[in-house]
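Results of the structural survey
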Amino acid sequence: MGDNMSLNEKVIKLLIEEAIKARDMAYAPYSKYLVGAALIVPSGNIYTGCNVENASYGLTNCAERTAIFKAVSEGQRHVDAMAIVGGPIEEISDYAYPCGACRQVLSEFLPESGDIRIFVAKSPEDYKEYKLSELIPNLFFITK
Ligand code: THU
């Protein structure tokens, strides 16, 4: 799975299914908007995350960053692709786009191909694909 353009349809659907399962874990008693994310790294490992809200609302962590922090804290440094699902409790009604903060955090972990594939999904059959570079052009970075 070294080249992120090689992810086939089966893997994309699996990633979306994992995001849907992760969404069931969302802790969102305040917004009641549940988000799930699943990312795949070059080895083929998948890491998932959900949003985790707090009574002090600003402390909320998005599903995407939960998944990224799980992967990075387990030694991963590159993300090939991420699937995201979201919507109110009853249904995944929206294409849930990653917020600006999550886009910036994700940009730190580009794979060798130089870009990350993002799938915003309503179901494994109904999704839209973007490149991270389309969603966040002109990245902030620090020259080493
Ligand atoms: N949320 C995410 O998990 N990911 C995003 O990219 C945007 C928003 C969460 C945060 C909050 O718990 C809920 O959705 C409503 O904003």
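**Observations regarding the overall build of the chain**
Broken down by element type, the chain carries 4 helices and 5 strands. Starting at the N terminus and ending at the C terminus, the chain contains elements arranged as α-β-β-α-β-α-β-β-α. Relative to the globule expectation of 15 Å for 144 residues, the C-alpha radius of gyration of the chain, 14 Å, shows essentially globular dimensions. Projecting the C-alpha coordinates of the chain onto the three principal axes gives extents of approximately 40 × 35 × 30 Å.

**Quick word on the side chain of S107**
Its place among the elements puts S107 in the loop between α3 (100-106) and β4 (117-123). Its relative accessible area of 11% is what places S107 among the buried residues. Within the local environment of S107, its side chain forms a polar contact with the backbone oxygen of Q104, the two atoms lying 2.5 Å apart. In this view, S107 contacts L132 and L139; residues no more than four positions away in its chain are not counted.

**What about the site of the ligand?**
Close to the ligand lie S31, Y33, V35, N51, E53, T60, C62, A63, E64, Y97, P98 and C99, which account for all nearby residues. Here an oxygen atom of the ligand sits 2.9 Å away from a polar atom, N or O, in the main chain of A63. Measuring from an oxygen atom of the ligand, one finds a backbone N or O atom of C99 at 2.9 Å. Relative to its unbound accessible surface of 370 Å², the ligand loses 76% to contact with the protein. Secondary-structure elements contributing two or more residues to the shell around the ligand are β1 (33-40) and α2 (63-73).

**Digging into the packing of aromatic side chains**
The tally for this structure, following the rule as stated, stands at 3 aromatic pairs. With centroids separated by 5.5 Å and ring planes inclined at 40°, the aromatic side chains of Y30 and Y57 adopt a geometry described as tilted. Placement of the pair is Y30 in the loop between α1 (9-23) and β1 and Y57 in the loop between β2 (46-50) and α2, with a sequence separation of 27 residues. Above the face of the Y95 ring, K122 is positioned so that its terminal group lies 4.5 Å from the ring centre.

**Comments concerning the nonpolar core**
Membership of the largest hydrophobic core comes to 22 residues, with the highest contact counts inside it found for L39, M82, L106 and I118. Secondary structure elements with two or more residues in this core: β1, α2, β3 (81-88), β4 and α4 (132-135). Leaving out residues up to four positions away in the same chain, M82 has contacts with L15, A37, A38, L39, E64, A67, I68, L106, I116, R117, I118 and F119. Counting residues in each nonpolar core, the second largest holds 14 residues, with L7, L15, I16 and I40 among its members.

**Points about the sheet that holds β1**
Strand order in the open sheet formed by 5 strands is β2-β1-β3-β4-β5, with mixed pairing between adjacent strands. A strand with exactly one partner marks an edge of an open sheet, and here the two such strands are β2 and β5 (126-131). Averaged over all adjacent pairs, the angle separating strand axes in this sheet is 20°, with direction ignored. Pairing geometry for β4 and β5, over 6 bridges, is antiparallel. By the bridge assignment for β5, F119 is matched with E129. Against the sheet, α1 contacts β1, β2, β3, β4 and β5, and its axis sits at roughly 140° relative to β1. Strands in contact with α2 are β1, β2 and β3; relative to β2, the strand with the most contacts, it is inclined by about 140°.

Each value, and the rule that gives it
Residues numbered from 1 in each chain as written. Predicted model: local features only at pLDDT ≥ 70, side-chain atom pairs only at ≥ 80, totals over all residues. Heavy atoms only, no water. Helix = DSSP H or I, 4+ residues; strand = E, 2+ residues; numbered from the N terminus. Rg over C-alpha atoms; globule rule 2.2 N^0.38 Å. Buried < 20%, exposed > 50% of the residue type's maximum accessible area, 1.4 Å probe, protein only. Polar contact = N/O pair within 3.5 Å; in protein donor to acceptor, adjacent residues only side chain to side chain. Contact = heavy atoms within 4.5 Å. Near = heavy atom within 4 Å. Areas by Shrake-Rupley, 256 points an atom, 1.4 Å probe, with all protein chains shown as cover. Phe/Tyr/Trp six-rings, centres within 6.5 Å; stacked < 30°, edge-to-face > 60°. Lys NZ or Arg CZ within 6 Å of the ring centre and 35° of its normal. Core = buried A, V, L, I, M, F, W, Y, C linked by side-chain atoms within 4.5 Å. Pairing = 2+ DSSP bridges. Axes fitted to C-alpha atoms, helices over the stretch in contact; angles between N-to-C directions.

Keep in mind these numbers describe shape, not what the thing actually does.
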